[in-house]
Amino acid sequence: MPKVKQLSVAMYFWGALIFLPLGVTYGLFSATHFIMPTWVEGIPQLSFGRMRPVHIHLVAFGWLSMAYVGAMYYMIPKMCKTPLWSETLGRWTAVAHFGWVWAAVICLSNGITEAREYAEAPWFLDIIFLLYLVAVAVNLFMTIANRTQKKLYVSIWYFTGTLIWFPCVYILGNRVFMRLDGLNDAIANWFYGHNILGLWFTTVGVGITYYLMPLLVRRPIYSHKLSMIGFWAIALFYAPTGTHHILQSPVPYWLKSLAVVSSIGLLVPVLTVLFNFFLTLDKKWPQAYANYTLRFLISGCVFYLITCVQGPFQATRWVNWYIHFTQWVVAHAHLALLGTFTNMSIAAIYYIVPRITGRPIFSRPAMAWHWWLTQFGFTQFFVALTIAGLVQAAGWRYGYPIVQWVQAMYPEQVVRWLGGIMIVVGQYIFAWNIYRTFFTPVEVEEDSDAPVATPATQAA
Amino acid sequence: MQVRQKDYAFLVAFVSATFLSIVFMTVILPNMVFQPQPSDYVEALTVQELRGREVYKKEGCWYCHTQFVRPQDRNEGPVALSGDFEFKEETVQLAKEHGYQLVHLLGTERTGPDLSLIGGKMPDAWHKAHHANPQAFNPGSIMPKYNYLSEQEMDDLVAYLQTLGRKKNALSRQAHETFRGNFNAAYQTTTEGGVSLGYLIEPEVPWEFKQFYEKKYKNQNPIKYENRYIAGARGIYNNKCAHCHGVQGDGNGPRALSLTERPANFQSNDPNMGYDEWSDIKWYWKIAEGAGPGAVMPRWNGVLHPDQIWYLVIYCRYLAADRTLPLPPRDEPLRAPELGGRTFHYEGDDLVVSYPEPPPGMPQSDPALDPGLTLQVDEELAETGQPVGAAGN
């Protein structure tokens, strides 16, 4: 057992680093179904309809959520200049999260599902996850309440907001306590389906970036006021957007209009946040040559820009009519979760692990390979799927029989699959690298704690 | 160091208030004001069908197959109504008794066809065999094989699939069949028994028809009714149409066995059909726009070049009307337009087809170049493009 400063954070990262390679492998196997539909036969657990929810749960709730909570467990005490309220509770929550994801994976593999997208886990697991979220929130709120740092840095705003609304979103989306029929069920489902992205992955990811960006470029954040505008705009605009997923269905017209308008309104928080990040980076870009952590963070920001310009564009009624239901949307979803927030979480892990183990990252060439494979593979993946989506949409528009455009997408699916292989290899390298950092018995002089936030960033 | 906690309490309170107001607006308010009544097409599910629904959920069918048509899509049949996704009271009771939780299965991505109107289109046996081996039925399909489902699960799943849109399909097919002889009337009818047909957006004249008339063709088939062109069209017909309609156009193609509604028999003597009296424009419209709501035949518009459809028109007329023109023997390499290489251009109203030079080794089989294959043709017919007995438009 290595000596680590905060075992709860390390435990979260270990869990995340088991789920990330596994999750992307599941994704790759699912993608294989598109080019070799009969490559597994007679194994229910490996049929596409069951691998897809497992892929989502491993990546979204296993990898990203564990990395996020681990990062918050590290960052919030640092920003508050106080230890985590209960380290014991922190370790138990890590174990609970790890066990929960495995339970969900086993249930979903065996067809125990609620059939609600992103909320497939059965109801008893929903309740456990809700209790778990409350435990995490209590731990972090008590840490903030006991703080010795007076000013609240903007990352704390993001984390606080998230820990308030994410349990609410989760309980509404999984509807453990109420019953809705027909289209009302769909409305609530997509409220959840979009807000798990908007009010959990986005807000924590942006909070992590607000923490890391000034530290990595060694410069205060460009504008604290801009970051506040971004925070409140996310809080206002994100929640009503979910209905844009069912624009073509007969749900109330006013609700669809509200979703479209607020989707376009999302440009406000996104552009303020990115303006802030890129101006913080102004004239410091060359630092990304040597610093792979910063490279991952910047890659995340760039993909965030693409995601969030694409999102409002495709939420408008006629663009949605054309590209909805196609692989374009799959590409967009991966742009958010893989391109943006996975890159940000990777940056957080690369930043935090040396600081809790007191050792530098085991292998810099491995970091370089990880960066190149991830970004190259993902860009290839994204472009191929976007083109596939356009092929598919044109097939519908001109009334082609379905099997014809399925065949027409084959080359794009192969390219996507090859990109997927690069991503998977990159993540295995990443996991290997971090485990070697933790467990290789090499003693290096201890890295001093980096400053939490420079004085200018604290000027609220 | 002692710090004030008041700021933080404000933050927490303000964030909560903002969020709860938005939740009220987007989730609770819609649920309060939006309570559609079950529409006429909703059916009470039997116990077996509910079990099938569970199989559908369990296997994740809804990841690839949606259950709502896009209203703007013309070729998807009747549009979905709000009440279609409600459940009748007895169904809810039944579901509660059996412990099933009803979930919307609208779906999220469409890798396969939309299933909201699948009910009644194919017989049960077709569905079962298709689930076990989709590629056997549809060679390009990427659907996984569900051959691991038990007999019971397969039966349940098929029973559930047959409920989807069954009533709607039956009603729209009934409307279609009522007006089968008079297709203009069929497409002008906006509602039949309360059915809102996806096709019938404009009550007066179907806009596709109107638009079609305004095109340059003006009921003029650019392809002459000559045996060489008919022989050229045979390749398209055999590729695209013969699976259902049969090589002889008698509606007995291999796929016809799996369809509940038999494909059109062009040789039928039924006076209501009167295929031998159909005008060119009517044939064209039928091929281009499909057989109508609730039917399996797709729209070939866009899939086939208009000239290819015109070729099919003369071939269908050949199958329906006389079948007397001796065509080149089958072992001749076909000069089907879709085999490529040939070019079209218009000279005035005439379409001129130019064939490329055959590659070395190929027999000189182009009937235009081979006088041995040019057979005696009725002069009037070749001039007017109208077969004997075919009604003009």
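One structure accompanies this document, and this report is about it.

Thresholds, definitions, all that
- Each chain carries its own residue numbering, running from 1 in the written order of its sequence.
- Throughout, the order in which chains and ligands are written sets their labels, letters from A for the former and numbers from 1 for the latter.
- Only residues with pLDDT of at least 70 are given local features in this predicted model, and only at 80 or more are side-chain atom pairs given and counted; all residues enter the totals for whole chains, interfaces and linings.
- Hydrogen atoms and water are omitted, and side-chain values are computed over all heavy atoms in the structure.
- Going along the chain from the N terminus, every DSSP run of H or I of four or more residues is numbered as a helix, and every run of E of two or more is numbered as a strand.
- Each residue is assigned to one of three classes by its accessible area relative to the maximum for its type, calculated with a 1.4 Å probe on protein chains only: buried under 20%, partly exposed between the two thresholds, exposed over 50%.
- When checking whether two residues touch, look at their non-hydrogen atoms; a contact exists if any pair is within 4.5 Å.
- Surface accessibility follows the Shrake-Rupley procedure with a 1.4 Å probe radius. Residue values consider only the protein chains on display as shielding.
- Charged residues are defined narrowly, with Lys and Arg counted positive, Asp and Glu counted negative, and His plus the chain ends left uncounted.
- Where a charge sits is defined by one atom per residue type, namely NZ (Lys), CZ (Arg), CG (Asp) or CD (Glu).
- Here, nonpolar core refers to any group of buried Ala, Val, Leu, Ile, Met, Phe, Trp, Tyr and Cys residues whose side-chain atoms link them within 4.5 Å.
- One speaks of a salt bridge when a side-chain nitrogen belonging to Lys or Arg is within 4 Å of a carboxyl oxygen belonging to Asp or Glu.
- The term polar contact refers here to a pair of N or O atoms within 3.5 Å; inside protein, the definition further demands a hydrogen-donor-capable atom paired with an acceptor-capable atom, and it admits residues adjacent in sequence only when both atoms are side-chain atoms.
- Every axis in this analysis is a line fitted to C-alpha atoms, fitted for helices over the stretch in contact. Angles between the N-to-C directions lie between 0 and 180 degrees.
- Should an angle lie under 35 degrees it is considered roughly parallel, over 145 roughly antiparallel, and from 65 to 115 roughly perpendicular; all remaining angles are considered oblique.
- Ten residues, namely Ala, Val, Leu, Ile, Met, Phe, Trp, Tyr, Cys and Pro, are considered nonpolar, four, namely Asp, Glu, Lys and Arg, are considered charged, and the remaining ones, Gly among them, are considered polar.

## Regarding the overall build of chain B
Next, step 1: When helices and strands are counted, chain B shows 14 helices and four strands.
Next, step 2: For chain B, the proportion of its 393 residues judged to be buried stands at 52%.
Next, step 3: Partitioning the intrachain contacts of chain B with sequence separation of at least 6 by distance along the chain shows that 69% fall at a separation of at least 24.

## Here's the deal with the overall build of chain A
Next, step 1: In terms of regular secondary structure, chain A is built from 16 helices and zero strands.
Next, step 2: Oriented by its inertia axes, the alpha-carbon framework of chain A measures out at about 65 × 50 × 45 Å.
Next, step 3: In chain A, buried positions account for 67% of the 460 residues.
Next, step 4: By sequence separation, contacts in chain A at least 24 residues apart represent 84% of the contacts at least 6 residues apart.
Next, step 5: Total accessible area computed for chain A in this model is approximately 15200 Å², and 72% of it derives from carbon and sulfur atoms.
Next, step 6: Each charge sign in chain A was given a centre, from 27 positive and 15 negative side chains, and these centres are 9 Å apart.

## Considerations on the nonpolar core
Next, step 1: W63, M75, F201, L212 and I352 of chain A are the most contacted members of the largest nonpolar core, which has 151 residues in total.
Next, step 2: Residue contributions to this core peak at 21 residues, all from helix 2 (residues 48–80) of chain A.
Next, step 3: Not counting residues up to four positions away in its chain, the partners in contact with F201 of chain A are A60, L64, S65, Y68, I196, L337 and F341 of chain A.
Next, step 4: Listed in part, the 44 residues of the second largest apolar core include F48 and W190 of chain A together with I142 and L164 of chain B.

## Structural notes on the interface of chain A and chain B
Next, step 1: Facing 88 residues of chain A, the contacting portion of chain B comprises 74 residues.
Next, step 2: Counting across the interface, chain A meets chain B through two salt bridges.
Next, step 3: Measuring nitrogen to oxygen at the nearest pair gives 2.6 Å for the salt bridge that ties E59 of chain B to R50 of chain A.
Next, step 4: Our enumeration of links across chain A and chain B arrives at 13 residue pairs in polar contact (both at pLDDT 80 or more).

## Observations concerning the packing of helix 2 (residues 47–58) of chain B against helix 6 (residues 151–161) of chain B
Residue and element names in this part refer to chain B.
Next, step 1: Packing of helix 2 against helix 6 leaves a shortest axis separation of 7 Å and a crossing angle of 100°. The orientation of helix 2 with respect to helix 6, classified from their angle, is roughly perpendicular. Along the contact surface, helix 2 presents Q48, E49, R51, G52, R53, V55, Y56 and K58, while helix 6 presents Q152, E153, D155, D156, L157, A159, Y160 and L161.
Next, step 2: Classifying every residue of the contact of helix 2 with helix 6 by side-chain character gives six nonpolar, three polar and seven charged.

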